[in-house]
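# Notes for the structure review
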Amino acid sequence: MSAKIIDGKTIAAELRARVGNEVRRLGEERGLVPGLAVVLVGNNPASEVYVGAKKKMTLDSGMRSLDHRLPQTATEPELMALVERLNGDRAVHGILVQLPLPGHIDAGKVLGTIDPNKDVDGFHPMNAGRLATGLPALVPCTPYACVLLAKTIHPSLAGLEAVVIGRSNIVGKPLIQLLLKDNATVTVTHSQTRNLPAVCRRADLLFAAIGRPELVTAAFIKPGATVIDVGINRVEADGKRRIVGDVAYAEASMVAGAITPVPGGVGPMTIACLLVNTLRAACAIEGLPPPAV
Ligand code: NAP
């Protein structure tokens, strides 16, 4: 039996449409247009693509998109000064500094400069701490996307065995917190985990956020499990370049009950979650009730 495909593209389009409706309502009732500032340093080709997609979706949803481009040679103080300026700009409700940053810039320092109320990527230690302690927070978009996609299959995650492969600050760790909040039983694995396939085979919900092309084979998957593939890996085969996930999709989908494709799974949903965060940040900053999305 082939797994049900969790169609991130369609699910994300529905979420973006709901965001668009709320943005329209805020404009009509309050005269508020949420604004997202995206900062790109240098011209990493993948980052260019992400930033372009984010800009298009932001504008399509009726929000303001404010682009800030700095050259690869920009200094850390220059970037921090720009972030400080955006912190003080009333038209900006969300600030996203596209990663990775050039090696001479300390990303942690820059992200720590963003006003936590405008931290729509949810990477500021204040938001990470709030999430970990169960307080309301701006939550990192990719793990949030993973949970929303899993919930299209399991409306309640309570009591389910969830295994997360990867413990990065931007995906694995916040994902663990979100799953705990939803009462899943969570196991986190990483490069030092012994017998990874056996640990993963316990999972009703398996999340792969590794950055290793197709590491997760059918042997990692309990029959019928839901598999969420976060990986985006550029590979070359037969002279052709393509993008694959961390999961060997063809064989995994013969065992899993449901699975996200790459591309077309977590990626589009991540951008939709960024729009949700920007909308939420705008409402909170302007002292309005949280939006209905
Ligand atoms: P990362 O910071 O490099 O973290 C990778 C994690 O995987 C680490 O915790 C590492 O363990 C673990 N790992 C590496 N090799 C392993 C192995 N052989 N067995 C078990 N665990 C292993 O990566 P990331 O930023 O979390 O990103 C992960 C993937 O998601 C990448 O492909 C990235 O492109 C993708 N991504 C996609 C989106 C999206 O929107 N779809 C967003 C963000 C990231 P250690 O901690 O022990 O080193």
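Structural data are supplied above this passage.
It should be emphasised that the depicted structure is a prediction, and the values quoted were computed from it without experimental measurement.

### What to know about the pattern of salt bridges
By the definition in use, this model includes eight salt bridges. Residue Arg25 is joined to Glu22 by a salt bridge in which the shortest nitrogen-to-oxygen separation is 3.0 Å. Taken together, the residues span about one helical turn, with Arg25 and Glu22 both in helix α1 (residues 8-30) at a distance of three residues. In this structure, Glu76 and Lys109 form a salt bridge, with 2.8 Å as the shortest nitrogen-oxygen distance. Residue Glu76 is located in helix α3 (residues 76-87), and its partner Lys109 is located in helix α4 (residues 107-111); the two are separated by 33 residues in the primary sequence. The class of Glu76 is buried, set by a relative accessible area of 15%. Relative accessible area serves as the criterion here: at 43%, Lys109 is assigned to the partly exposed category. Connected through salt bridges with shared partners, the residues Glu22, Arg25 and Glu29 form a single ionic network.

### Digging into the site of the ligand
Lining the immediate surroundings of the ligand are 22 residues, of which Arg167, Ser168, Ser191, Val230 and Ile232 lie closest. Take Ile232: an N or O atom from its main chain is 3.1 Å from an oxygen atom of the ligand. Here the ligand, which alone exposes 930 Å², has 71% of that area covered by the protein. Structurally, the ligand is housed in the largest pocket. Split by residue class, the shell around the ligand holds 10 nonpolar, 10 polar and two charged.

### Some points on unusual backbone geometry
Excluding glycine, residues mostly have negative phi values, and the peptide bonds linking residues are mostly trans. A cis amide bond, omega 0°, links Leu99 with the succeeding residue Pro100. With omega at -5°, the peptide bond leading from Val262 into Pro263 counts as cis. Considering the arrangement of structural elements, one finds Pro263 in the loop between β11 (258-259) and α10 (266-285). Its identity as a non-glycine residue notwithstanding, Asn183 has a phi of 70°, on the positive side. Along the polypeptide, Asn183 turns up in the loop between α7 (172-181) and β6 (185-189). Phi at Asn195 is positive, roughly 50°, even though this residue is not glycine. Relative to the helices and strands, Asn195 resides in the loop between β6 and α8 (196-200).

### A short note on α7
Those residues of α7 lying buried are Gly172, Pro174, Leu175, Ile176, Leu178 and Leu179. Buried residues in α7 make contact with α5 (125-132), α6 (141-151), β5 (161-165), β6 and β7 (205-208). Of the residues trailing α7, Asn183 is marked for its positive phi of about 70°.

Reading the values: the criteria
- Residues numbered from 1 in each chain as written.
- Predicted model: local features only at pLDDT ≥ 70, side-chain atom pairs only at ≥ 80, totals over all residues.
- Heavy atoms only, no water.
- Salt bridge = Lys/Arg side-chain N within 4 Å of Asp/Glu carboxyl O.
- Helix = DSSP H or I, 4+ residues; strand = E, 2+ residues; numbered from the N terminus.
- Buried < 20%, exposed > 50% of the residue type's maximum accessible area, 1.4 Å probe, protein only.
- Near = heavy atom within 4 Å.
- Polar contact = N/O pair within 3.5 Å; in protein donor to acceptor, adjacent residues only side chain to side chain.
- Areas by Shrake-Rupley, 256 points an atom, 1.4 Å probe, with all protein chains shown as cover.
- 1 Å grid on protein atoms, 1.4 Å probe; cavity = no way out; pocket = protein on both sides within 12 Å on 5 of 7 lines; lining within 4 Å.
- Sits in = over half its atoms within 2 Å of the grid points.
- Nonpolar A, V, L, I, M, F, W, Y, C, P; charged D, E, K, R; others polar.
- Contact = heavy atoms within 4.5 Å.

The values are spatial; any link to function lies outside them.
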